[in-house]
Amino acid sequence: MGKYFGTSGIREIVNERLTPDLALKVGKTLGTYLGEGKVVVGRDTRTSGEMLKNALISGLLSTGIDVIDIDLSPTPLTGFAIKLYEADAGVTITASHNPPEYNGIKVWQPNGMAYTSGMENELERILEEGKFQQASWDNIGELTRADPKKEYIKKALEMIELSKGYKVVVDCGNGAGSILSPYLQRELGNKVISLNSHPSGFFVRELEPNAKSLETLAKAVKSLEADVGIAHDGDADRIGVVDNQGNFVEYEVMLSLISGYMLRKFGKGKIITTVDAGFALDNYVKPLGGEVVRVKVGDVAVAEGIIRENAVFGGEPSGTWIIPQWNLTPDGIFAGALVLEMIDKLGPLSELAKEVPRYVTLRAKIPCPNEKKVKAMEFIKREVLESFEYKRIIDIDGIRIENDEWWILFRPSGTEPIMRITLEAHTKEKAEGLMKKAEKLVKNAIKSV
């Protein structure tokens, strides 16, 4: 992790570390990195979006890069526009599910995939050096404005087919999904009720779509007797789902269901997920001809895994799904259309969810100064051998140990000074016993370094 770029681009409190001056420099940096070409730029609904977008665009233009400004745009639409306009990169001004005082800058490749850490390190180096490409007055980049929403909807309708219309409640969390998600659902032939879909930049609910933040959506689905509820975070790269009985469908369950549906739709193959995903996915997709491959946490690692393994689908247990037949950008809006198609072909969500095996998952956060993380992980790796009887170890992102009955993941956070423990077991007693041992091990590790 560099000075500016974290696990999901740059993300900071506005006018503290993330200023128009920094956005201008990032624009110059990206322009210098690319050398020539054109870049698509979009923003989410945050009050600071226009300010930061304009500063970033100025930086790009000053290096001679052409810019296509698509303005208010969910991240999936930016990813789509990069390919539509054959751009050399894309930038989203967004802080995803962070609170409204935050904003961020995330850069995308021509194939719709986010910049890798190697690419971000190179941007970091150029930014630090401050030696930016400068175009002469007659070679300054050209700025054009575009709106790719119609093309996005047209293309989505070519891939998704419903036999009839459904009643759908869409909660966009006042984010950028407001300008696209309800409209796509309507064009699919559904009756749409929108919640929090005025893109104000002031968020009336917590942006991360989870059981607590979607209580209003759940009530609306139940009282309106809707078939499904679809929710998004600030830039709509994620999806949260409420079933026809008004219950939030846990992320792990939804990930399993959609992976299974993708195998049915596109044929047998590999499913990419992250090291923090549970056994339910493996157990659910195996009979359908699916093989699960785990990668590091983060949408870039999932996209890289999809390319490497030629996978059918990739998703994280956070509602971040990548549908390679569509794009390599995480897309909560297209995901919403896919959920409707799954319901159309396979039946009500409440019934489908019963097919996914349920296990006990526990999570813990333990404070750990950033400078102690590497040594603490070395200690954990050594001691794990003594403390637990396991069959397999995965150490691509933290340390995950597992056998047929349970798994534990020890992982330093990429964004906070904490160590995370995630585990899963078949029974509550087993899970609690494992967590007690795991917490003790982590605390000892932090103390000893």
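Owing to the predicted nature of the structure, the values given are computational and were not obtained by experimental measurement.

Draft legend 1. Molecular detail of the overall build of the protein chain. Of the regular secondary structure elements, the protein chain holds 14 helices and 19 strands. What you see for the protein chain is a C-alpha radius of gyration of 22 Å, in line with the 22 Å of a compact globule of 449 residues. Projected onto its principal axes, the C-alpha coordinates of the protein chain cover approximately 70 × 60 × 40 Å. The buried share among the 449 residues of the protein chain stands at 57%. Of all intrachain contacts in the protein chain linking residues separated by at least 6 positions in sequence, the fraction that spans at least 24 positions is 69%. Carbon and sulfur atoms make up 49% of the accessible area of the protein chain, which totals about 18,700 Å². Across the protein chain, the 57 positively charged side chains and the 63 negatively charged ones have centroids separated by 4 Å.

Draft legend 2. Inspection of the side chain of Thr45 at higher detail. Secondary-structure assignment places Thr45 in the loop between strand S2 (38–43) and helix H2 (49–62). Residues in contact with Thr45, not counting those within four places in the same chain, are Leu72, Asn174, Gly175, Ala176, Pro199, Ser200, Gly201 and Phe203.

Draft legend 3. Main features of the sheet that holds strand S18 (residues 406–412). On the basis of which strands lie adjacent, the open sheet formed by five strands has the order S15-S19-S18-S17-S16 and antiparallel pairing. Unpaired on one side and paired on the other, strand S15 (360–367) and strand S16 (392–394) mark the two borders of the sheet. Within the sheet, the average angular offset between the axes of one strand and its neighbour, ignoring direction, is 15°. Direction of pairing for strand S17 (residues 399–402) relative to S18: antiparallel, over a ladder of four bridges. Paired with Ile399 across the strands is Phe410, a residue of S18. Across the sheet, helix H14 (residues 428–448) is in contact with S15, S18 and strand S19 (418–425); its angle to S15 comes to roughly 20°.

Draft legend 4. Representation of the pattern of salt bridges in the model. Using the criterion set out here, one finds 30 salt bridges in the structure. Lys428 is the partner of Glu432 in a salt bridge, and the nearest nitrogen-oxygen pair spans 3.5 Å. Taken together, the positions of Glu432 and Lys428, both in helix H14 and four residues apart, correspond to about one turn of that helix. Beyond isolated ion pairs, a larger network of salt bridges with shared partners links Arg43, Glu50, Lys53, Asp69, Asp71 and Arg145.

Draft legend 5. Focus on the sheet that holds strand S12 (residues 290–295). The strand order across the open sheet formed by four strands is S12-S11-S13-S14, and the pairing between neighbours is mixed. Across the chains shown, the open sheet's two edge strands, defined by having one partner strand only, are S12 and strand S14 (321–322). In terms of strand pairing, strand S11 (residues 269–274) meets strand S13 (residues 313–315) through two bridges, oriented parallel. If you follow Ile271 over to S13, its bridge partner there is Phe313. Contacts from helix H10 (residues 299–309) reach S11, S12, S13 and S14, with the element oriented near 160° to S11.

Draft legend 6. Quick peek at unusual backbone geometry. Of note, Asn174 is a non-glycine position whose phi angle comes to about 60°, a positive value. Take Asn174: it is sitting in the loop between strand S7 (167–171) and helix H6 (181–187). Residue Glu225 is not a glycine yet carries a positive backbone phi of 50°. Topologically, Glu225 is positioned in the loop between helix H7 (215–223) and strand S9 (228–231).

Draft legend 7. Layout of the packing of aromatic side chains. As enumerated under the stated definition, the model contains nine aromatic pairs in all. With a centroid separation of 5.3 Å and an interplanar angle of 70°, the aromatic rings of Phe80 and Tyr152 are classed as edge-to-face. Here Tyr152 lies in helix H5 (residues 149–159) and Phe80 lies in helix H3 (residues 75–84), a separation of 72 residues in the sequence. Assessed through its relative accessible area of 10%, Phe80 is described here as buried. Looking at Tyr152, the relative accessible area reads 0%, which means it is buried. Aromatic side chains Phe80 and Trp326 sit 5.7 Å apart centroid to centroid with 20° between the ring planes, which places their arrangement in the stacked category.

Draft legend 8. Region of the structure containing the environment of Phe80. Spatially, the C-alpha atoms of Phe80 and Tyr152 are 7.0 Å apart, while their sequence positions differ by 72 residues. With near-sequence residues (within four places) excluded, Phe80 lies in contact with Pro148, Glu151, Tyr152, Lys155, Trp326 and Asn327.

Draft legend 9. Inspection of the pairing of S9 at higher detail. The alternating pattern of S9 places Val228 and Ile230 and Gly229 and Ala231 on opposite faces, both of which are buried. Of the pairings in the sheet, the one linking S7 to S9 comprises four bridges and is parallel in character. Counted as the bridge partner of Asp171 is Ala231 from S9.

Reading the values: the criteria
- Residues numbered from 1 in each chain as written.
- Predicted model: local features only at pLDDT ≥ 70, side-chain atom pairs only at ≥ 80, totals over all residues.
- Heavy atoms only, no water.
- Helix = DSSP H or I, 4+ residues; strand = E, 2+ residues; numbered from the N terminus.
- Rg over C-alpha atoms; globule rule 2.2 N^0.38 Å.
- Buried < 20%, exposed > 50% of the residue type's maximum accessible area, 1.4 Å probe, protein only.
- Contact = heavy atoms within 4.5 Å.
- Areas by Shrake-Rupley, 256 points an atom, 1.4 Å probe, with all protein chains shown as cover.
- Lys, Arg positive; Asp, Glu negative; His and termini not counted.
- Charge placed at Lys NZ, Arg CZ, Asp CG, Glu CD.
- Pairing = 2+ DSSP bridges.
- Axes fitted to C-alpha atoms, helices over the stretch in contact; angles between N-to-C directions.
- Salt bridge = Lys/Arg side-chain N within 4 Å of Asp/Glu carboxyl O.
- Phe/Tyr/Trp six-rings, centres within 6.5 Å; stacked < 30°, edge-to-face > 60°.

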